[in-house]
Amino acid sequence: MIDLKNLQNNFDEVGEKLLKKGVSTESLNEIKTSFQKLKEKRTALEVLQADQNKQSKLFGVYKKENKDIKELQAKLAENKKNMATLQEEVREIEETLQQKALIIPNIPADTVPIGVDESENIEIKKVLDIPTFDFPVLEHSDLAEQNGWIDFKRGVKLAKSRFSLLRGDGARLERALINYMIDFNRERGYEEVCVPLIVNRPTMTGTGQLPKFENDLFKIEGEDLFLIPTAEVPLTNIYNDEIVAKDDLPVKLTAYTPCFRKEAGSAGRDTRGMIRQHQFDKVELVVLSHPDDSAKIFDEMVKCASDLLSSLGLAHRHMNLCTGDLGFSASSTTDLEVWFPAQNCYREISSISNTQEFQSRRAKIRYKDTDGKNKFLHTLNGSSLAVGRTMIAIMENFQKADGSIEIPEVLKKYM
RNA sequence: AGACAGGUGGCCGAGUGGUCGAAGGCGCUCGCCUGGAACGCGGGUGUGGGGCAACUCACCGAGGGUUCGAAUCCCUUCCUGUCUGCCA
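Residues numbered from 1 in each chain as written. Chains lettered and ligands numbered in written order. Predicted model: local features only at pLDDT ≥ 70, side-chain atom pairs only at ≥ 80, totals over all residues. Heavy atoms only, no water.

Where an unreviewed UniProt entry is consulted, chain A appears under the name Serine--tRNA ligase, with the organism given as uncultured Campylobacterales bacterium. Listed under Pathway (unreviewed entry) in UniProt, the entry text for chain A is "Aminoacyl-tRNA biosynthesis; selenocysteinyl-tRNA(Sec) biosynthesis; L-seryl-tRNA(Sec) from L-serine and tRNA(Sec): step 1/1." (UniProt positions renumbered as here; feature names shortened; annotations may be inferred.)

Below, the structure written as structure tokens:
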């Protein structure tokens, strides 16, 4: 959630940035007036409450001393009525304000390039040369079927479209990748965590998936529970409503989980192959950081994911996402795009974001600073790598003329 | 899933309608004591909101209700423990 006080105090400046992210002027103005009104009503209510508290104490004293309480009683009852009205008003304003504030996206950092959509993302650098082939390259879906690694048809039969299953060496490669990635991250100081795949509404709200994106989530019928769309959700919310000791920062976590996404609104996109599925595996990085360190940690996380790709021998590039392509919770994001020879293009395989205080304010994750005050920390998240996409990148990049696939050296001991 | 018992500050734990934001203890911290430390003694020590401040409001798992007044009574709900059931 954005800082409402900040919006109030720097309305033009902050508002302008939010307008670029698609927030309407009306809703900004509504928030501004609601916030103001809330303050007024609350102050008025508190004056009444203070009076009521005092008089009520007096009431007790009078009774003990057998004084006449009729007059006082009448006054208290009258006051109570006024309080109830104000209380109701305050509650209503709070609720609407909350509703509106929770669907306002994060404000892009100053380092984020201005742009409308992904075409205006800025390439930061390329890593490794793209491979060349002296034979016609095949798409991963063909390679997978040839090698018996992926069964698309039966995945659909078992569940529905956008599901598949891995078999034999395909399944083993998936598992090898997961183990390799977690070990890779662990060696870089990330604690391995195994998290619930089903989480509740407050958890989903803490990281920003709810209330705005309920349609993208798989919901458990009859329960207010959801399948996680990324391990970022449980990992970040581990410290929901907690105060982390300053000395414990940064908290660096990594987890492997399946991820579940409805992919509402992607009808027709990437229908062939395993690029976009309802269920996919991902190894995730999450860091809770002191605000002063988050920029440095962000770079570390990008390097961690990029080095991982390099270690697998996969050519990729770093993209600085522009304002229009930034996700809801992110203040800045670097995407890593891996080279897909058959599609002759780079495609997203990892996304590292700094949400700054946006998530910690929602999830109430704070640290105790040296001045004794509790402050919101910064949360960062990044795919170590999307495992499925890594697998198909390996298939396409390391295919041989006979259709077989060379396993990257670092994975061999995991197979 | 059913029965019973509970959920109070960093922790333990008292508190069954009135001056309780909450006794007492532990821990932590500051000061004294000491050559230094332990012990001992004295002070401080929750969170969030509003206000320049004095101060003030809210919070005793959460949400409702009763009352002039609720940690305390009632309802709902979540969680924990024990027993039963079921299972990996």
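That was the structure; now back to the text.
Visitor: Help me understand the pairing of strand S8 (residues 251–260), please; the structure alone is not making it clear to me.
Guide: A regular strand places its side chains so that they alternate between the two faces of the sheet. Counted residue by residue, S8 has nine buried out of 10 residues, so it is predominantly covered. Bridging between strand S4 (residues 191–192) and S8 involves two bridges; their strand directions are parallel. Note on S8: the bridge partner recorded for Glu-192 is Thr-254. For S8 and strand S9 (residues 279–289), the ladder comprises 10 bridges, and the chain directions are antiparallel. Looking at S9, one finds that Lys-252 is bridged to Val-287. (Buried < 20%, exposed > 50% of the residue type's maximum accessible area, 1.4 Å probe, protein only. Helix = DSSP H or I, 4+ residues; strand = E, 2+ residues; numbered from the N terminus. Pairing = 2+ DSSP bridges.)

Visitor: Sorry if this is basic, but what is going on with the pattern of salt bridges here?
Guide: Oppositely charged side chains may form a pair once their charged atoms are brought near each other. The tally for this structure, following the rule as stated, stands at 33 salt bridges. Residue Arg-91 pairs with Glu-88 through a salt bridge whose shortest N-O separation is 3.1 Å. A residue pair is termed a helical-turn pair when its members lie 3 or 4 positions apart in one helix, as Arg-91 and Glu-88 do in helix H4 (residues 70–101) at three residues. Classification of Arg-91 as partly exposed rests on a relative accessible area of 39%. Ionic pairing is found between Asp-142 and Arg-272, a salt bridge with its closest N-O pair at 2.8 Å. With Asp-142 in helix H5 (residues 140–147) and Arg-272 in the loop between S8 and S9, the pair connects residues that are 130 residues apart, well separated along the chain. Asp-142 sits in the partly exposed class, given a relative accessible area of 30%. Look at the salt bridges and you will find they share partners, linking Glu-123, Lys-126, Arg-317 and Glu-337 into a network. (Salt bridge = Lys/Arg side-chain N within 4 Å of Asp/Glu carboxyl O.)

Visitor: Which parts of the structure should I look at to understand the UniProt feature "binding site: L-serine" (unreviewed entry) in chain A?
Guide: Taken from the UniProt record, the annotation "binding site: L-serine" (unreviewed entry) applies to Thr-230, Ala-231, Glu-232, Arg-261, Glu-284, Asn-381 and Ser-383. Thr-230 has contacts with Gln-209, Cys-259, Arg-261, Lys-282 and Glu-284, leaving out every residue within four places of it along the chain. Of the polar contacts made by the side chain of Thr-230, one reaches the backbone nitrogen of Glu-232; its length is 3.0 Å. Take Ala-231: it is sitting in the loop between strand S6 (225–227) and helix H9 (232–237). (Contact = heavy atoms within 4.5 Å. Polar contact = N/O pair within 3.5 Å; in protein donor to acceptor, adjacent residues only side chain to side chain.)

Visitor: Please clarify how the nonpolar core should be interpreted in this entry.
Guide: The nonpolar side chains of a soluble globular protein tend to be buried, and buried together. Residues Leu-177, Met-301, Leu-314, Met-395 and Leu-411 are the most contacted members of the largest nonpolar core, which totals 45 residues. Elements represented by at least two residues in this core include exactly H5, helix H7 (169–187), S9, helix H10 (294–311), strand S11 (332–340), strand S12 (345–356), strand S15 (378–386) and helix H12 (387–397). Not counting residues within four places of it along the chain, the set of residues in contact with Leu-314 comprises Val-127, Leu-128, Leu-309, Val-338, Thr-390, Ala-393, Ile-394, Asn-397 and Phe-398. The next biggest cluster of nonpolar side chains, apart from the first, holds 25 residues, and it includes Leu-28, Phe-35, Leu-38 and Ala-101. (Core = buried A, V, L, I, M, F, W, Y, C linked by side-chain atoms within 4.5 Å.)

Visitor: Please clarify how the protein's contact with RNA strand B should be interpreted in this entry.
Guide: Lining the immediate environment of RNA strand B, one finds 19 residues, of which Lys-5, Glu-46, Gln-49, Ser-56 and Phe-59 sit closest. Backbone sugar and phosphate groups make up 68% of those atoms of RNA strand B lying within 4 Å of the protein. The separation between a base nitrogen of RNA strand B and a polar main-chain atom of Ser-56 is 2.8 Å. Between RNA strand B and Lys-80, the relevant distance is 3.4 Å, taken from a phosphate oxygen to a side-chain nitrogen or oxygen of the residue. (Near = heavy atom within 4 Å.)

Visitor: For this particular structure, what's the right way to read the sheet that holds strand S10 (residues 316–320)?
Guide: Across a sheet, paired strands are connected by hydrogen bonds in the backbone, their directions being either parallel or antiparallel. Strand order in the open sheet formed by eight strands is S1-S10-S11-S12-S15-S9-S8-S4, with mixed pairing between adjacent strands. Lying at the two open borders of the sheet, with one neighbouring strand each, are strand S1 (122–127) and S4. Summarising the sheet, S11 and S12 pair through nine bridges and their orientation is antiparallel. Across the sheet, residue Ser-332 finds its bridge partner in S12, namely Asn-354.

Visitor: Explain the packing of H7 against H10 to me, please; I cannot follow it from the model alone.
Guide: Pairs of packed helices are described in terms of their axes, by the angle between the two and the distance that separates them. Between H7 and H10, the least distance of the axes is 11 Å, while the angle of their chain directions is 130°. It follows from the interaxial angle that H7 and H10 lie oblique. For the element pair H7 and H10, the recorded crossing hand is right-handed. Residues Tyr-180, Met-181, Phe-184 and Asn-185 of H7 form the contact with H10, whose participating residues are Cys-304, Asp-307, Leu-308 and Ser-311. Its residues assigned to classes, the contact of H7 with H10 shows five nonpolar, two polar and one charged. (Axes fitted to C-alpha atoms, helices over the stretch in contact; angles between N-to-C directions. Parallel < 35°, antiparallel > 145°, perpendicular 65-115°, else oblique. Left-handed = near helix turned anticlockwise from the far one by under 90°. Nonpolar A, V, L, I, M, F, W, Y, C, P; charged D, E, K, R; others polar.)

Visitor: Is there a simple way to think about the packing of aromatic side chains in this case?
Guide: How two aromatic rings sit relative to each other is given by the distance of their centres and the angle of their planes. Overall, the coordinates contain six aromatic pairs when judged by the stated rule. Seen from their ring centres, Phe-133 and Phe-135 are 5.6 Å apart, and the 75° between their planes marks the pair as edge-to-face. Centre to centre, the rings of Phe-213 and Phe-328 are 5.2 Å apart; their planes meet at 80°, and the pair counts as edge-to-face. Here Phe-213, found in the loop between helix H8 (201–207) and S6, pairs with Phe-328, found in the loop between S10 and S11; they are 115 residues apart in sequence, far enough to count as distant. Taking the relative accessible area as the measure of exposure, Phe-328 reaches 11% and is therefore buried. (Phe/Tyr/Trp six-rings, centres within 6.5 Å; stacked < 30°, edge-to-face > 60°.)

Visitor: Help me understand the packing of H5 against H12 in this model?
Guide: For the pair H5 and H12, the least separation of the axes is 9 Å and the interaxial angle reads 85°. As summarised for this structure, H5 and H12 are arranged roughly perpendicular, according to the angle between their axes. Within the contact between the two elements, H5 uses His-140, Leu-143 and Ala-144 and H12 uses Ile-392, Met-395 and Glu-396. Along the lines of polarity and charge, the residues of the contact of H5 with H12 split into four nonpolar, one polar and one charged.

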